[in-house]
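Residue strings, one per chain:
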Number of protein chains: 2
Amino acid sequence: MKKLITISREFGSGGRELGCRLADQLGAAYYDREIITEISKRTRLSQEYIQGIMDNRPHISFPITVARSFSMPGSEVSLQMELQVFQAQKKIIEEMADRSDCVLVGRCADYILRDREPFRIFVYADMDSKIARCRSRASGNEHLSDREIRHNIEQIDKSRSKYYTFHTEQKWGEKTNYDLCVNTSRFDVKQLTRMLASFLS
Amino acid sequence: MKKLITISREFGSGGRELGCRLADQLGAAYYDREIITEISKRTRLSQEYIQGIMDNRPHISFPITVARSFSMPGSEVSLQMELQVFQAQKKIIEEMADRSDCVLVGRCADYILRDREPFRIFVYADMDSKIARCRSRASGNEHLSDREIRHNIEQIDKSRSKYYTFHTEQKWGEKTNYDLCVNTSRFDVKQLTRMLASFLS
């Protein structure tokens, strides 16, 4: 049976790094932004537009130009676009899971693959630790105050949560939906990855 | 620096087994009911009475005979008894942590030892899995229906939650209060223990 690992993560918690390292140590494929690239290819929607749908509350992110080309109220068109994107996302994630062992980050993969019983990880951290991690990543954050970085983190997580709940009817970050919830505030992501790799290999 | 591991757990989730095995593998002391025995020795209250305080909502568990021996309203006496027990509990847990590496199960140890930064684990599972575990432990549960076992589990966890929140002002089971939350529904406690032991040793 294939090894399927899904990672959901708070922004700035190091979930992406953990996923990337874990895939490397397990010799598994790693999918994160690749999912958006693939949706874009199949739907012919731009990557930015797809990312916009994922970042914003469903019903809000439709472009006026699309709405005008149909004779429907804008919100209905928007909803259809979102569902179409989600269907593409579902199909792509299922194909990825068919192909080989893999680590999938975000994009409701834990829910989409639920019948295959993936190992579902949620990565989180306290706010100070997330701000520090965002700062250490540097690019683009140098001129921001802690308050501004905090605001960005909160906004991004709010969007992730809304997107997840809209498509899964489950609460994002609620521990019952995961097999392991890992707090990276006080522990090194490299160490945590080694622990997970030895358990999962 | 000493290895201090605290385990909070939902009833029937296998947290006690995990703690016991982990202590064994780490060569650390294991404290669970030993804490109540020790409080009983120092306060001269019976173990049953102390357990009663921990199992019931503060303010409700006082024995009438105690209340009568003071000229105070019952609820105030009860509160004083509870705080006295908690003070003894705090002192004992701190002494245990001073003595050697240890795994402490329940009794707000994660909060009491917070300045020493213990590794804080929360163990949980879905309801079906907890009912099955309670059944497999057998003794006393044979004649109960699933519904009755479920009711018992819910009542015990409600009490643990209330006791924890009353003394810590934190939410029991809220993942931000732990370093790792482990769902035992689909994974073997022995395997999970090995993973934790290799990370913590």
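All of these numbers come straight from a predicted model, not from anything done at the bench. (Residues numbered from 1 in each chain as written. Chains lettered and ligands numbered in written order. Predicted model: local features only at pLDDT ≥ 70, side-chain atom pairs only at ≥ 80, totals over all residues. Heavy atoms only, no water.)

## Digging into the relation of the copies chain B and chain A
(1) Moving on: When chain B is fitted onto chain A, the two copies agree to an RMSD of 0.0 Å after a turn of 180 degrees and an axial shift of 0.0 Å. The relationship between the two copies is best expressed as a two-fold rotation axis. Of every C-alpha in chain B, the one belonging to Cys181 of chain B sits nearest the axis of rotation, 2.5 Å from it.
(2) Moving on: Comparing interface residues between copies, 100% of those in chain B also sit at the interface in chain A, which points to an isologous, same-surface contact. (Least-squares fit on C-alpha atoms with pLDDT ≥ 70 in both. Contact = heavy atoms within 4.5 Å.)

## Looking at the interface of chain B and chain A
(1) Moving on: The interface is formed by 22 residues belonging to chain B together with 22 residues belonging to chain A.
(2) Moving on: Counting each side, the surface lost to burial between chain B and chain A is near 2100 Å², with a carbon and sulfur contribution of 60%.
(3) Moving on: Ranking the residues of chain B by area buried against chain A places Lys175, Arg186 and Phe199 of chain B at the top, with a combined share of 33%.
(4) Moving on: Our count for the contact surface shared by chain B and chain A stands at two salt bridges.
(5) Moving on: Between Arg186 of chain A and Asp179 of chain B there is a salt bridge; the shortest N-O distance is 2.9 Å.
(6) Moving on: Applying the counting rule to chain B against chain A returns 15 residue pairs in polar contact (both at pLDDT 80 or more).
(7) Moving on: Of all the elements in the fold, those that place two or more residues in the side of chain B that touches chain A are strand 4 (119-124), strand 5 (180-183) and helix 9 (189-200) of chain B.
(8) Moving on: Looking at the side of chain B that touches chain A, the element that brings in the most residues is helix 9 of chain B, giving five residues.
(9) Moving on: Taken together, the residues of the side of chain B that touches chain A sort by class into 12 nonpolar, five polar and five charged.
(10) Moving on: Judged from the three bridges that link them, strand 5 (residues 180-183) of chain A and strand 5 of chain B form a sheet pairing that is antiparallel. In the strand pairing of strand 5 of chain B, Leu180 of chain A is matched with Val182 of chain B. (Buried area = accessible area lost by both parts, 1.4 Å probe. Salt bridge = Lys/Arg side-chain N within 4 Å of Asp/Glu carboxyl O. Polar contact = N/O pair within 3.5 Å; in protein donor to acceptor, adjacent residues only side chain to side chain. Helix = DSSP H or I, 4+ residues; strand = E, 2+ residues; numbered from the N terminus. Nonpolar A, V, L, I, M, F, W, Y, C, P; charged D, E, K, R; others polar. Pairing = 2+ DSSP bridges.)

## Here's the deal with the pairing of strand 1 (residues 4-9) of chain A
All names here are of chain A.
(1) Moving on: Counting buried positions over the six residues of strand 1 gives six, a clear majority of the element.
(2) Moving on: The pairing of strand 1 with strand 3 (residues 102-105) spans four bridges and is parallel. Following the sheet pairing, Leu4 is matched in strand 3 by Cys102. (Buried < 20%, exposed > 50% of the residue type's maximum accessible area, 1.4 Å probe, protein only.)

## So, the confidence of the model for chain A
Atomic detail in the predicted coordinates should be set aside for any region of low pLDDT.
All names here are of chain A.
(1) Moving on: In the predicted model, chain A carries a mean pLDDT of 86, and the fraction of residues at 70 or more is 86%.
(2) Moving on: Model confidence for chain A, summarised as mean pLDDT per element, is weakest for helix 4 (residues 64-68) at 39 and strongest for strand 4 (residues 119-124) at 97.
(3) Moving on: pLDDT under 50 marks residues 58-72. Its contacts with residues more than four places away, or in other chains, come to 28 contacts.
(4) Moving on: ipTM for the predicted complex: 0.85, alongside a pTM of 0.87. (pLDDT = per-residue confidence, 0-100.)

## With respect to the packing of aromatic side chains
(1) Moving on: According to the stated counting rule, one finds 13 aromatic pairs over all chains in the structure shown.
(2) Moving on: On the numbers, 5.1 Å between centres and 80 degrees between planes, the contact of Phe119 of chain A with Phe187 of chain B is edge-to-face. Of this pair, Phe119 of chain A sits in strand 4 while Phe187 of chain B is found in the loop between strand 5 and helix 9, placing the two residues in two different chains.
(3) Moving on: Phe119 of chain A gets classed as buried once you look at its relative accessible area, which sits at 5%.
(4) Moving on: On the basis of an interplanar angle of 50 degrees and a centroid distance of 5.0 Å, the ring pair of Phe122 of chain A and Tyr178 of chain A is categorised as tilted. Of this pair, Phe122 of chain A sits in strand 4 while Tyr178 of chain A sits in the loop between helix 8 (146-168) and strand 5; the two residues are 56 residues apart in sequence, bridging distant segments of the chain.
(5) Moving on: Owing to a relative accessible area of 0%, Phe122 of chain A belongs among the buried residues under this scheme. (Phe/Tyr/Trp six-rings, centres within 6.5 Å; stacked < 30°, edge-to-face > 60°.)

## With respect to the sheet that holds strand 1 of chain A
(1) Moving on: Pairing in this open sheet of 10 strands is mixed, and the strands run 2(A)-3(A)-1(A)-4(A)-5(A)-5(B)-4(B)-1(B)-3(B)-2(B) from one edge to the other. Of all strands in the sheet, those with a lone pairing partner are strand 2 (29-31) of chain A together with strand 2 (29-31) of chain B, marking the two edges. The average undirected angle you get between the axes of adjacent strands in this sheet is 20 degrees.
(2) Moving on: Against the sheet, helix 9 (residues 189-200) of chain A contacts strand 1, strand 4 and strand 5 of chain A together with strand 5 of chain B, and its axis sits at roughly 170 degrees relative to strand 4 of chain A.
(3) Moving on: Sheet contacts for helix 9 of chain B: strand 5 of chain A together with strand 1 (4-9), strand 4 and strand 5 of chain B; angle to strand 4 of chain B, the most-contacted strand, approximately 170 degrees. (Axes fitted to C-alpha atoms, helices over the stretch in contact; angles between N-to-C directions.)

## Remarks on the packing of helix 1 (residues 15-26) of chain B against helix 9 of chain B
All names here are of chain B.
(1) Moving on: Where helix 1 contacts helix 9, the axes come no closer than 9 Å and their chain directions differ by 45 degrees. With respect to helix 9, the element helix 1 is oriented oblique. Note on packing geometry: the crossing formed by helix 1 with helix 9 is right-handed. Residues Glu17, Leu18, Arg21, Leu22, Gln25 and Leu26 of helix 1 touch helix 9, and the partners they reach there are Val189, Lys190, Leu192, Thr193, Arg194, Leu196, Ala197 and Leu200.
(2) Moving on: Among the residues forming the contact of helix 1 with helix 9, the class breakdown is eight nonpolar, two polar and four charged. (Parallel < 35°, antiparallel > 145°, perpendicular 65-115°, else oblique. Left-handed = near helix turned anticlockwise from the far one by under 90°.)

## What to know about the pattern of salt bridges
Pairing is possible between side chains that carry opposite charge, provided their charged atoms lie close to one another.
Residue and element names in this part refer to chain B.
(1) Moving on: This structure, assessed with the given rule, holds 34 salt bridges over all chains.
(2) Moving on: With a closest N to O distance of 2.4 Å, Arg107 and Asp32 form a salt bridge. With Arg107 in the loop between strand 3 (102-105) and helix 6 (109-112) and Asp32 in the loop between strand 2 and helix 2 (33-43), this residue pair connects regions lying 75 residues apart in the sequence. When sorted by exposure, Arg107 lands in the same class as Asp32, which is buried.
(3) Moving on: Between Glu38 and Arg42 there is a salt bridge whose closest N-O contact spans 3.2 Å. Of this pair, Glu38 and Arg42 are both found in helix 2, four residues apart, which corresponds to roughly one turn of the helix.

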